[in-house]
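Notes for the structure review
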Amino acid sequence: MKAISYGEVLWDISDNSSTLGGAPLNVLGHIARLKDDGIIISAIGNDELGGETKKALLDLGIDTTCLEVKDGIETGKAYIKLDNGIPSYSFNDPAAWDLIDGPGSSFFDSSYDVFIFGTLCQRSKKSRETLYRILDNLKCREVFFDVNLRLNFYSNDIICKSLGYATILKMNDEELPIVLMASGCKDIQILKQKYDLKIVILTKGKKGTELYYENKIYTADPENVKVVDTVGAGDSLSGSFLHFYLNGDDIECAIKKASMVADYVVTKNGAIPEYSEEILSKIL
């Protein structure tokens, strides 16, 4: 399976640590942890964090061919505060990933299994227009839209245009009413039909996950685990689901395995922890 992620590459900075992150990268990181191929389309600054970013991506096994280096602008940073384990974010603005030029025309000669993107990378006109150019020209089996609403870096137009490209939609229960309002839909089934979405994934924190496929709703309940860090939990579910689903697992099996991965990730620090032998034995 070959995946492409587009958008923010940044460092999650909290009181105690700084770790590589950004939702599209986190999703790709979990795909890479499961030994699939991944390429990131983004930009970093020509600074110390930029150098650390490239090294970390290569260590994860992620292709950095389309990772641009920008002079005179910082690598992305997300400042995170936790309140009872729930993260809130602020970002440096602008950051290098606001100025993504994107790959040349030869990039579009190949086909890919999934293209992954969200809304945060669309906060700047430059990266937003580059995203739409790629989506208009890319040959891809699936397009995965993770809503990932942050602060005021989105609009109804951005949400609706993104839905128009998507075949798989992922959002959480806080984002659901915003997406329904933006799209003028009363519920998920109407939204799914209006935008011809193949799959809709709704994460609900401790209440588990719902997956809408064809005319069925599949559920995955979380395990009772000791939560250490919720940053990137939804991204781990997304990445592992795409791995299992696109490599041939049936829908129900794929979402239940992905939920197991998310349960494991919240017991560790960082958005892309290494997988233990125990979790690998459960899912592989």
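In this report, the structure presented in the accompanying data block is examined. What you see is a predicted model, and the numbers here were worked out from it, not measured in a lab. (Residues numbered from 1 in each chain as written. Predicted model: local features only at pLDDT ≥ 70, side-chain atom pairs only at ≥ 80, totals over all residues. Heavy atoms only, no water.)

If you look at the biggest cluster of nonpolar residues, it comprises 53 residues, and the most contacted ones within it are Phe107, Phe115, Leu169, Met171 and Leu191. Each residue touching Phe107, except ones within four places of it in the same chain, is listed here: Ile4, Ile39, Ile41, Cys66, Tyr112 and Leu138. Counting residues in each nonpolar core, the second largest holds 47 residues, with Val27, Ile40, Leu49 and Ala271 among its members. (Core = buried A, V, L, I, M, F, W, Y, C linked by side-chain atoms within 4.5 Å. Buried < 20%, exposed > 50% of the residue type's maximum accessible area, 1.4 Å probe, protein only. Contact = heavy atoms within 4.5 Å.)

Let us now look at the packing of helix 1 (residues 23-33) against helix 7 (residues 233-246). Contact geometry of helix 1 with helix 7 gives a least axis separation of 7 Å together with a crossing angle of 45 degrees. Relative to helix 7, the element helix 1 is oriented oblique. Classified by chirality, the crossing of helix 7 by helix 1 is right-handed. Where helix 1 approaches helix 7, its residues Ala23, Asn26, Val27, His30 and Ile31 are matched on the opposing element by Asp235, Ser236, Ser238, Gly239, Ser240 and Leu242. (Axes fitted to C-alpha atoms, helices over the stretch in contact; angles between N-to-C directions. Helix = DSSP H or I, 4+ residues; strand = E, 2+ residues; numbered from the N terminus. Parallel < 35°, antiparallel > 145°, perpendicular 65-115°, else oblique. Left-handed = near helix turned anticlockwise from the far one by under 90°.)

As paired strands, strand 2 (residues 10-13) and strand 6 (residues 76-83) are joined by 4 bridges and run parallel to one another. Looking at strand 6, one finds that Asp12 is bridged to Ala78. Here 6 bridges tie strand 6 to strand 7 (residues 86-91), and the two strands are oriented antiparallel to one another. Paired with Ala78 across the bridge in strand 7 is Phe91. (Pairing = 2+ DSSP bridges.)

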